[in-house]
Amino acid sequence: MSGEEFVPLSLTPLLIGTFAAIACALPGNFLVLRKQALIGDAISHVVLPGIVVAFLVTGAISTWPMMLGAAGAAIVAVVLIEAIRRLGQIEPGAAMGVVFTTMFAAGVLLLEQTDTSTVHLDVEHALYGNLESLIWLDATGWGSLLDVEALAGLPPELPRIALTLVGVSVFTWLFWRPLKISTFDEGFARTIGIRTGALGMALVITAAIAAVAAFDAVGSIIVIAMFICPPAAARMLTNRLEAQIAWSIVFATASAVSGYVLAGYGPLWLGGSDAVSAAGMIATMSGLILAAAAMFGPCRAHIGAHTST
Amino acid sequence: MLGLVSNDGVTLEDSGLGESPLAVRGLTVSYGQKPAVFSVDMTVQPGAMTAIIGPNGAGKSTLLKAALGIVNPLSGQVTVFGQPLEAQRARIAYVPQRASVDWDFPTRVIDVVLMGLSRELGLLGRVRARHKACAMDCLNRVGMRDFADRQIGQLSGGQQQRVFLARALAQGADLYLLDEPFAGVDAATEKAIIAVLKSLKEAGKTVVVVHHDLATVTDYFDHVFLINTRKVAEGPVSEAFTAETLQAAYGGRLATAQIDQISRALG
């Protein structure tokens, strides 16, 4: 494919999909090890009331208020989950389940009470995103990457998810050591002065922000898949957290790129005529990678095989 | 006695708080309606090995965790070497119960020991050759040098316990607090651990161990602290570890035969 076709039509969706996948996979590594991976699922549900409230307040469909509403709802949810878990001495899975169903239900009720005929808040759009539509029409070829005028026409999702990825990466790099220690041994972490409660909260809030930014760009199905599949597959390839994180980035990228390409061209290769959903294909690819790792990964035998008695 | 006068006019040295590596006053911890630890005073003797003893559910581990700020007490005061806990964290090493962590965590033995150096390393400090050498030395002291590159899930229970002890050694602390280090370990490990703890004592360090095996108390420890939610007894083994105090701590849960056996062992 020539640059004239590739740059305007495929480069931005590929980059957005890849950045979103990595931004979710990075905190996903810690969430999976902390058995909190379903928080991605929870966040994708709780953003609904946030978006509806943002719409009610501003009365318009504009991106920033909606994203702020979604992020606000996500943060309220993770704080509620932590509070229920700690005060009620309830296991994290149950606390998540209670909070996200309640908040999602409240979102549905709110939506029902508002005039939705003028509002484009349909479920399909939210679930699968609209990756294919994030094209860069101002580009004419690779040279456009240096053209200021053309760059101004980039889909706004791209700088947004890029910035989110930078934020998530900096958080992971900066707090690498305390995150690792407190994920492995929370009691010990507290005795050396790590504020494990605040750090755990910062981790889920980082995950929530990554989820909301990715949700806006690529839909919730990728978010849920990327929190779990690349880190879980990476765990089966290595026994070192550092290597696990590197592999999870490789798998997130591979899922995004292969999923996007297969969704666009796979059906044509098979003799069909229509492309399929890129988001759906990316999530499917991440699942296939996980399945392959589960069958052939060199370190899969240790997980859960050794009980600590 | 000079100085160190607290607000209510009692000198800290008089109350024994000033010199003690770990002093607890009026500590109450509750996980629900029922207190796990109720109004406990404890004064750990410096340079000694102290066993915290009591029946299951008596609050032994909770006492340790509350003293370390891992669980929040309802009330009470903790001082470490005469100062608030936060100011003295660098002087404390803690070995949690082995079963409290997930041993499938993706990390190697040497990485766990290096966690003991995290205060020195800070947030972004690089692990240098001297840090690795220190970690290897600590592994050597517990006889685990050859296992440095193993994944921690591949170790036996006793080996895992020794790795935890090596991490505590790497912290270079003055006060060592261990929660059930002998639970479910092989005889060789128990021997290795007690040898290390005795060497710490000889080096002037203070060691506190939550312990469950009454038969080894007299061999291993200088002091005992008996607890059953409330403090039952505290003092040198010869004074505080008696048939009466054991009966008081364990009640009907300890067979009379066991108490007789211990009484005989105590002479």
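In this text the structure is predicted, and so the values were computed from the model without any measurement.

### Thoughts on the sheet that holds strand E5 (residues 83–84) of chain B
Here four strands make up an open sheet; going across it, the order is E2-E1-E4-E5 (chain B) and the pairing antiparallel. A single partner strand is all that each edge strand has here, and the edge strands are strand E2 (35–43) and E5 of chain B.

### A look at the environment of Pro8 of chain A
Mapped onto the elements of the fold, Pro8 of chain A is located in helix H1 (residues 3–33). For the pair Pro8 of chain A and Ile135 of chain A, spaced 127 residues apart in sequence, the C-alpha to C-alpha distance is 5.9 Å.

### Topic: empty space enclosed by the protein
All names here are of chain A. Summed over the entire model, instances satisfying the criterion amount to one cavity of 30 Å³ or more. Every residue lining the largest cavity is listed: Gln36, Ile39, Val78, Ile81, Glu82, Arg85, Pro92, Met96 and Val204. Among the elements that line the lining of the largest cavity, the one with the most residues is helix H3 (residues 63–88), at four residues. A per-class count over the lining of the largest cavity returns six nonpolar, one polar and two charged.

### Notes on the packing of aromatic side chains
Tallied over the full model, the rule gives 11 aromatic pairs over all chains. Summarising the aromatic geometry, the rings of Phe184 of chain A and Trp103 of chain B are spaced 6.0 Å apart at their centres and angled 85° between planes, so their arrangement reads as edge-to-face. Here Trp103 of chain B lies in the loop between strand E6 (92–95) and helix H3 (109–115) and Phe184 of chain A lies in helix H8 (residues 176–184), a pairing that spans two chains. Both residues of the pair, Phe184 of chain A and Trp103 of chain B, count as buried.

### Quick look at the interface of chain B and chain A
In this assembly, 38 residues from chain B lie in contact with 29 residues from chain A. Summed over both partners, the interface of chain B with chain A buries about 3,100 Å², with 58% contributed by carbon and sulfur atoms. Ranking the residues of chain B by area buried against chain A places Asp104, Phe105 and Pro106 of chain B at the top, with a combined share of 21%. Joining chain B to chain A, the criterion identifies three salt bridges.

### Concerning the packing of helix H12 (residues 241–269) of chain A against helix H13 (residues 278–296) of chain A
Residue and element names in this part refer to chain A. Direction vectors running N to C along H12 and H13 enclose 130°, while the axes themselves pass 7 Å from each other. Classified by the angle their axes make, H12 and H13 are oblique. Handedness of the H12/H13 crossing: right-handed. Here Phe251, Ala254, Ser255, Ala256, Ser258, Gly259, Tyr260, Leu262 and Ala263 of H12 come into contact with H13, specifically with Ala278, Met281, Ile282, Met285, Ser286 and Ile289. When grouped by side-chain class, the residues that make up the contact of H12 with H13 number 11 nonpolar, four polar and no charged.

### Digging into unusual backbone geometry
All names here are of chain B. The backbone phi angle of Ser39 is positive, close to 45°, even though this residue is not glycine. Judged by relative accessible area, which is 43%, Ser39 ranks as partly exposed. A positive phi angle is found at Glu180, which is not glycine, with a value near 50°. Following the sequence through the fold, Glu180 ends up in the loop between strand E7 (175–179) and helix H7 (187–202). A residue is classified by how much of its surface remains accessible, and Glu180, at 15% relative accessible area, is buried.

### Comments concerning the side chain of Ser255 of chain A
Residue and element names in this part refer to chain A. Note on placement: Ser255 falls in helix H12. Looking at Ser255, its side chain comes within polar contact range of the main-chain oxygen of Phe251, at 2.7 Å. Those residues in contact with Ser255 that sit more than four places away from it in its chain are Met226, Tyr260, Ile282, Met285, Ser286 and Ile289.

### Regarding the sheet that holds strand E3 (residues 49–53) of chain B
The strands making up a sheet are joined through hydrogen bonds of the backbone, oriented either antiparallel or parallel. All names here are of chain B. Taken together, the six strands give an open sheet; going across it, the order is E6-E7-E8-E3-E9-E10, and neighbouring strands pair in mixed fashion. Lying at the two open borders of the sheet, with one neighbouring strand each, are E6 and strand E10 (230–236). Along the sheet, successive strands turn relative to each other by an average axial angle of 15°, direction set aside. Here four bridges tie E3 to strand E9 (residues 223–228), and the two strands are oriented parallel to one another. By the bridge assignment, Ala51 is partnered in E9 with Val224. Strand contacts of helix H2 (residues 60–67): E3, E6, E7, strand E8 (206–210) and E9, with the helix running at about 145° to E7, the strand carrying the most contacts. Sheet strands in contact with H7 are E3, E7 and E8, and its direction is about 130° off that of E3.

### What about the confidence of the model for chain A?
Residue and element names in this part refer to chain A. Averaged over every residue, the pLDDT of chain A is 85; residues scoring 70 or more account for 91%. Across chain A, the element-wise mean pLDDT spans from 58 in helix H5 (residues 123–128) up to 96 in H8. Residue range residues 304–309 is modelled with pLDDT below 50. Its contacts to residues more than four positions away, or to other chains, number 10 contacts.

Rules of the game
Residues numbered from 1 in each chain as written. Chains lettered and ligands numbered in written order. Predicted model: local features only at pLDDT ≥ 70, side-chain atom pairs only at ≥ 80, totals over all residues. Heavy atoms only, no water. Pairing = 2+ DSSP bridges. Helix = DSSP H or I, 4+ residues; strand = E, 2+ residues; numbered from the N terminus. 1 Å grid on protein atoms, 1.4 Å probe; cavity = no way out; pocket = protein on both sides within 12 Å on 5 of 7 lines; lining within 4 Å. Points joined across faces, edges and corners; volume = space filled by probe spheres on them. Nonpolar A, V, L, I, M, F, W, Y, C, P; charged D, E, K, R; others polar. Phe/Tyr/Trp six-rings, centres within 6.5 Å; stacked < 30°, edge-to-face > 60°. Buried < 20%, exposed > 50% of the residue type's maximum accessible area, 1.4 Å probe, protein only. Contact = heavy atoms within 4.5 Å. Buried area = accessible area lost by both parts, 1.4 Å probe. Salt bridge = Lys/Arg side-chain N within 4 Å of Asp/Glu carboxyl O. Axes fitted to C-alpha atoms, helices over the stretch in contact; angles between N-to-C directions. Parallel < 35°, antiparallel > 145°, perpendicular 65-115°, else oblique. Left-handed = near helix turned anticlockwise from the far one by under 90°. Polar contact = N/O pair within 3.5 Å; in protein donor to acceptor, adjacent residues only side chain to side chain. pLDDT = per-residue confidence, 0-100.

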